[in-house]
Amino acid sequence: MNTRPSNLAYIILILLIVVVIYLLYLVSKLGTFIREANPTVITACIGGFFTITLSIVSVFIGRYLEKKKMIEAEIRNKKIPVYEDFIK
């Protein structure tokens, strides 16, 4: 069995390294922007970030709870015939 990584694995590794380096570059640019920007602009950016983030999180939590409630309703509907047999 050949245990040597394929060319595709090397390409993926190189792309991953490039992406990580680019993300580090973007983080450094963001740090420079935060240091040099007007405090009012930074406050607005942080407020916008948290507004969007909390909206997305609340949608995901709502969908999770809705799915959980739907599964519980299906389980309850499956149990109804069994309970009806117990009563008879």
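Residues numbered from 1 in each chain as written. Predicted model: local features only at pLDDT ≥ 70, side-chain atom pairs only at ≥ 80, totals over all residues. Heavy atoms only, no water.

## Thoughts on the overall build of the protein chain
Phase 1 of the analysis: The secondary structure content of the protein chain amounts to two helices and zero strands.
Phase 2 of the analysis: Reported as C-alpha extents along the three principal axes, the dimensions of the protein chain are approximately 75 × 60 × 10 Å.
Phase 3 of the analysis: Looking at the protein chain as a whole, 2% of its 88 residues qualify as buried.
Phase 4 of the analysis: Carbon and sulfur atoms make up 72% of the accessible area of the protein chain, which totals about 8,500 Å².
Phase 5 of the analysis: Within the protein chain, one finds 11 positive and 6 negative side-chain charges whose respective centroids are separated by 9 Å. (Helix = DSSP H or I, 4+ residues; strand = E, 2+ residues; numbered from the N terminus. Buried < 20%, exposed > 50% of the residue type's maximum accessible area, 1.4 Å probe, protein only. Areas by Shrake-Rupley, 256 points an atom, 1.4 Å probe, with all protein chains shown as cover. Lys, Arg positive; Asp, Glu negative; His and termini not counted. Charge placed at Lys NZ, Arg CZ, Asp CG, Glu CD.)

## Some points on the environment of Ala44
Phase 1 of the analysis: Inspection of the secondary structure puts Ala44 in helix 2 (residues 39–87).
Phase 2 of the analysis: Judged by relative accessible area, which is 52%, Ala44 ranks as exposed.
Phase 3 of the analysis: Counting along the chain gives 36 residues from Ala44 to Leu8, while the straight-line C-alpha distance between them is 43 Å.

## Regarding helix 2
Phase 1 of the analysis: End to end, helix 2 covers 70 Å across 49 residues, agreeing with the expected 72 Å (1.5 Å per residue, within 8%).
Phase 2 of the analysis: Remark: the principal bend of helix 2, roughly 30°, maps to Ile80, with a proline, Pro81, within the next four residues. (Expected span 1.5 Å × (residues − 1). Bend = angle between axes of the 7 residues up to and from the residue.)

## As for a nonpolar patch on the surface
Phase 1 of the analysis: On the surface, a cluster of nonpolar side chains totalling about 490 Å² of accessible area is made up of Val19, Tyr22, Leu23, Tyr25 and Leu26.
Phase 2 of the analysis: On the secondary structure map, Leu23 appears in helix 1 (residues 7–36).
Phase 3 of the analysis: On the accessibility criterion, Leu23 (48% relative accessible area) is partly exposed. (Patch = residues over 30% accessible without salt bridge, like charges linked within 9 Å, V, L, I, M, F, W, Y side chains within 5 Å. Salt bridge = Lys/Arg side-chain N within 4 Å of Asp/Glu carboxyl O.)

## What about the environment of Leu13?
Phase 1 of the analysis: Along the chain, Leu13 turns up in helix 1.
Phase 2 of the analysis: Looking at Leu13, the relative accessible area reads 45%, which means it is partly exposed.
Phase 3 of the analysis: It is 17 Å that separates the C-alpha atoms of Leu13 and Leu24, two residues lying eleven residues apart in sequence.

## Considerations on the packing of aromatic side chains
Phase 1 of the analysis: Scanning the model with the defined rule gives two aromatic pairs in all.
Phase 2 of the analysis: Taken together, a centroid distance of 5.3 Å and an interplanar angle of 70° make the contact between Phe49 and Phe50 edge-to-face.
Phase 3 of the analysis: Among the residues examined, Phe50 registers a relative accessible area of 46% and is labelled partly exposed. (Phe/Tyr/Trp six-rings, centres within 6.5 Å; stacked < 30°, edge-to-face > 60°.)

## Side note on the environment of Thr40
Phase 1 of the analysis: Structurally, the position occupied by Thr40 is in helix 2.
Phase 2 of the analysis: Taking relative accessible area as the criterion, Thr40 reaches 58% and is therefore assigned exposed.

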